[in-house]
Amino acid sequence: MNKFFKAVLLLAIAAFLGESLEFVVNMVLAKELGEVGLGLYMSLLPVVFLVVVIASLELPISISKFVAAKEEKYHRSMLMHAMRLTIVFMFCVIGLSVVVLPFIPVFDHYHPIVRWLIILMIPIISVSSIARGYFMGLHHMGKIAISNFLRKAVQLVLLVLVYHFFHFSMELAILIAICTLVFTELIVCFYLMYMYILQYRELKGKPDAALSAQSVRKSLLEVSIPTTGMRIFHAITSAIQPFLIKMALLKAGLSETIALEEFGLLAGVALTIGFFPGFIAHSFLIVLIPTVSASYENRDYAKLQKLLQQVMGLTFLYGIPVVMVFYHFAVPLTNIFYEYSKASSFLQLLWPYFLFHLFVIPLQAYLIGLGLIKDAFLHSIWSTLVAFALIFILGSMESLQMTGVILGMNTGIVLLTMMHYLTVCHKIKVTLWLKHAGPQKIG
């Protein structure tokens, strides 16, 4: 257990530094792009993340589960088969993207090169996902922490240097921002693959056992396919959400420019601030998946219960003070980006969204570790349908507008958290108060 929390602490420290840099990155973008430009940039990011999710095939999760649950002698064989699977899948995704991306109308508002930059990210993400998953499974969280920090640090340095010495039109400024994303991922890929090669050389000198390609593919894809499906669904809905919100605001009577500006304030300011403490929850997620997988494989039921109690307790301890700070200091926090904007009221209204988001992430890690990926996927579908329906219905009301949108977002995240929590409690046989509720066996 001490190893678990040491890993979480290491990742949290690195993630805190990374999120601090991300905060500054968004401040730089806000100043350079303006409210409309920031809205356009934030509208494009979900599409970028969708491509990233598809390219990774969620191999970091499936490989980490495999490595955590299997003996070291099987690792080298698994990694060889995983690399072959990745290369084949990577070329398939690149081919599909070359055909499809030029015809997606979302890109019509951006520089033509943006499409090809996103395609360039596919091999970078695909290759680095193997190393990331392997290190997660080995609990080498220092390497994961460094890679996460590098991602933010390199992007910030590039943006500050380029925007300081050169001036661009809004279209070119957005293109530069996307270029920094791609170059940053390339640097992270070089680092992870260098460390991976060193680790792989160590494996060569140790006893190993061969696994069939079919058995490895089956083990990896049993986790990767449903997890990728869930992430693709989330990425698609995230890509749709900006346009749904703008449609609702237009229906409520706002002009297109005002609707874009308000979305920019919501996504670029309020959500940037509110998601800042999420680095702790994401640190839990990275460490929980292999830890829960190994405990479940060993039928260590008591450890699963104790770990859930500790994770939920710690989330309460930091989550409640954080949302109180956001609520009471909304104005000075949002003034860092734009003075006296509507973002402060957005931030205050979103406090349930931010609080429950901190619980959703570790609970999702638990579901994945317990093999309940299908349940997590179904929960996401139902909560998103409810949230989207409320976002459009309430956001379209002239009396509510963005307040209605936020009410829909809050409802969706509360519903998702409750479904995740109830399912995990049922699976590991604890009550809602995390007390033992049944015999010490896993069904």
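Scroll up to find the structure this text is about.
Anyway, here's the lowdown on the structure attached to this text. This one's a predicted model, so the numbers in the text were calculated from it and none came from an experiment.

## Some remarks on the overall build of the protein
Reasoning step 1: Helix and strand counts for the protein come out as 15 helices and 0 strands.
Reasoning step 2: By the compact-globule yardstick of 22 Å for 443 residues, the protein fits well, its C-alpha radius of gyration being 22 Å.
Reasoning step 3: C-alpha atoms of the protein, sized along the principal axes, occupy 65 × 50 × 35 Å.
Reasoning step 4: Classification of the 443 residues of the protein by burial places 56% in the buried group.
Reasoning step 5: In the protein, the proportion of contacts linking residues at least 24 apart, taken out of those at least 6 apart, comes to 83%.
Reasoning step 6: For the protein, the accessible surface area stands at approximately 19400 Å², while carbon and sulfur atoms represent 70% of it.
Reasoning step 7: Treating the 30 positive side-chain charges of the protein as one cloud and the 21 negative ones as another, the clouds have centres 14 Å apart.

## Observations concerning the packing of helix H3 (residues 75–100) against helix H7 (residues 213–251)
Each pair of packed helices can be summarised by the angle the axes make with each other and by the distance between the axes.
Reasoning step 1: With their axes 9 Å apart at the nearest point, H3 and H7 run at an angle of 75° to one another. On the basis of the axis angle, H3 is roughly perpendicular to H7. Taking contact as the criterion, the partners of Met 78, His 81, Ala 82 and Leu 85 in H3 are, on H7, Ala 213, Val 216, Arg 217, Leu 220 and Leu 221.
Reasoning step 2: Residue composition of the contact of H3 with H7, grouped by class: 7 nonpolar, 1 polar and 1 charged.

## Comments concerning the layout of surface pockets
Reasoning step 1: Estimated volume of the largest pocket: approximately 430 Å³.
Reasoning step 2: Every residue lining the largest pocket is counted, 17 residues in all, and those nearest its centre are Lys 65, Ser 219, Glu 222, Val 223 and Glu 297.
Reasoning step 3: If you tally residues by element for the lining of the largest pocket, the top one is helix H2 (residues 59–69), at 4 residues.
Reasoning step 4: Residues that form the lining of the largest pocket fall into these classes: 6 nonpolar, 5 polar and 6 charged.

## Description of a nonpolar patch on the surface
Reasoning step 1: A cluster of nonpolar side chains, contributed by Leu 9, Ile 13, Phe 16, Leu 17 and Phe 149, occupies part of the molecular surface with about 450 Å² of accessible area.
Reasoning step 2: A total of 4 residues in the nonpolar patch trace back to one element, the largest contributor, which is helix H1 (residues 2–56).
Reasoning step 3: Take Leu 9: it is sitting in helix H1.
Reasoning step 4: On the basis of relative accessibility, which here comes to 52%, the residue Leu 9 falls in the exposed class.

## Details of the environment of Ser 128
Reasoning step 1: Checked against the element boundaries, Ser 128 lands in helix H4 (residues 113–138).
Reasoning step 2: With 63 residues separating them in the primary sequence, Ser 128 and Tyr 191 have C-alpha atoms 9.0 Å apart.
Reasoning step 3: Beyond its immediate stretch of four places on either side in the chain, Ser 128 contacts Cys 189, Leu 192 and Met 193.
Reasoning step 4: At 3.0 Å, the side chain of Ser 128 and the backbone oxygen of Ile 124 are in polar contact.

## As for the nonpolar core
Reasoning step 1: Tyr 41, Leu 266 and Tyr 366 are the most contacted members of the largest nonpolar core, which totals 154 residues.
Reasoning step 2: It is H1 that provides the largest number of residues to this core, a total of 24 residues.
Reasoning step 3: Those residues in contact with Tyr 41 that sit more than four places away from it in its chain are Leu 29, Leu 33, Tyr 110, Gln 155, Ile 174, Ala 177, Ile 178 and Leu 181.

## Section: unusual backbone geometry
Reasoning step 1: Residues other than glycine seldom take positive phi values, yet Leu 57 does so here, at roughly 55°.
Reasoning step 2: The backbone of Lys 429 sits at a positive phi, close to 60°, despite the residue not being glycine.
Reasoning step 3: For Lys 429, the location among the structural elements is in the segment after helix H15 (402–427).

## Examining the pattern of salt bridges
Reasoning step 1: Applying the stated criterion across every chain yields a total of 3 salt bridges.
Reasoning step 2: For the salt bridge of Arg 151 with Glu 185, the shortest nitrogen-to-oxygen distance reads 2.8 Å. Taken together, the positions of Arg 151 in helix H5 (residues 141–165) and Glu 185 in helix H6 (residues 170–204) put the pair 34 residues apart, joining distant regions of the chain. Side by side, Arg 151 and Glu 185 carry an identical accessibility label, which is buried.
Reasoning step 3: The partner of Lys 218 in a salt bridge is Glu 222, with the nearest N and O atoms 2.6 Å apart. With Lys 218 and Glu 222 both in helix H7, this residue pair falls 4 residues apart, about one helical turn.
Reasoning step 4: With relative accessibility at 52%, the residue Lys 218 sits in the exposed group.

## Remarks on the side chain of His 75
Reasoning step 1: Of note, His 75 is situated in helix H3.
Reasoning step 2: By relative accessible area, which is 3% here, His 75 ends up buried.
Reasoning step 3: Apart from the residues lying within four places of it in its own chain, the contact partners of His 75 are Val 67, Lys 70, Tyr 134, Leu 138 and Leu 203.

## Some words on the side chain of Ser 344
Reasoning step 1: Of note, Ser 344 is situated in helix H12 (residues 343–349).
Reasoning step 2: Taking the relative accessible area as the measure of exposure, Ser 344 reaches 14% and is therefore buried.

## Considering helix H14 (residues 373–395)
Reasoning step 1: Relative to the 33 Å expected for 23 residues at 1.5 Å per residue, H14 spans 32 Å between its end C-alpha atoms, a close match to the ideal helical length.
Reasoning step 2: Residues of H14 that are buried: Ile 373, Ala 376, His 379, Ser 380, Ser 383, Thr 384, Ala 387, Phe 388, Ile 391, Leu 394 and Gly 395.
Reasoning step 3: Buried residues belonging to H14 abut H7, helix H13 (351–369) and H15.

## Observations regarding the packing of aromatic side chains
Reasoning step 1: The tally for this structure, following the rule as stated, stands at 12 aromatic pairs.
Reasoning step 2: Here Tyr 353 and Phe 354 contribute two aromatic rings whose centre-to-centre distance is 6.1 Å and whose plane-to-plane angle is 80°, an arrangement assigned as edge-to-face. Pair check on accessibility: Tyr 353 and Phe 354 agree, each one buried.
Reasoning step 3: Of note, Lys 143 hangs over the ring of Phe 135, and the distance from its end group to the ring centre comes to 5.3 Å.

Rules behind the numbers
- Residues numbered from 1 in each chain as written.
- Predicted model: local features only at pLDDT ≥ 70, side-chain atom pairs only at ≥ 80, totals over all residues.
- Heavy atoms only, no water.
- Helix = DSSP H or I, 4+ residues; strand = E, 2+ residues; numbered from the N terminus.
- Rg over C-alpha atoms; globule rule 2.2 N^0.38 Å.
- Buried < 20%, exposed > 50% of the residue type's maximum accessible area, 1.4 Å probe, protein only.
- Contact = heavy atoms within 4.5 Å.
- Areas by Shrake-Rupley, 256 points an atom, 1.4 Å probe, with all protein chains shown as cover.
- Lys, Arg positive; Asp, Glu negative; His and termini not counted.
- Charge placed at Lys NZ, Arg CZ, Asp CG, Glu CD.
- Axes fitted to C-alpha atoms, helices over the stretch in contact; angles between N-to-C directions.
- Parallel < 35°, antiparallel > 145°, perpendicular 65-115°, else oblique.
- Nonpolar A, V, L, I, M, F, W, Y, C, P; charged D, E, K, R; others polar.
- 1 Å grid on protein atoms, 1.4 Å probe; cavity = no way out; pocket = protein on both sides within 12 Å on 5 of 7 lines; lining within 4 Å.
- Points joined across faces, edges and corners; volume = space filled by probe spheres on them.
- Patch = residues over 30% accessible without salt bridge, like charges linked within 9 Å, V, L, I, M, F, W, Y side chains within 5 Å.
- Salt bridge = Lys/Arg side-chain N within 4 Å of Asp/Glu carboxyl O.
- Polar contact = N/O pair within 3.5 Å; in protein donor to acceptor, adjacent residues only side chain to side chain.
- Core = buried A, V, L, I, M, F, W, Y, C linked by side-chain atoms within 4.5 Å.
- Expected span 1.5 Å × (residues − 1).
- Phe/Tyr/Trp six-rings, centres within 6.5 Å; stacked < 30°, edge-to-face > 60°.
- Lys NZ or Arg CZ within 6 Å of the ring centre and 35° of its normal.

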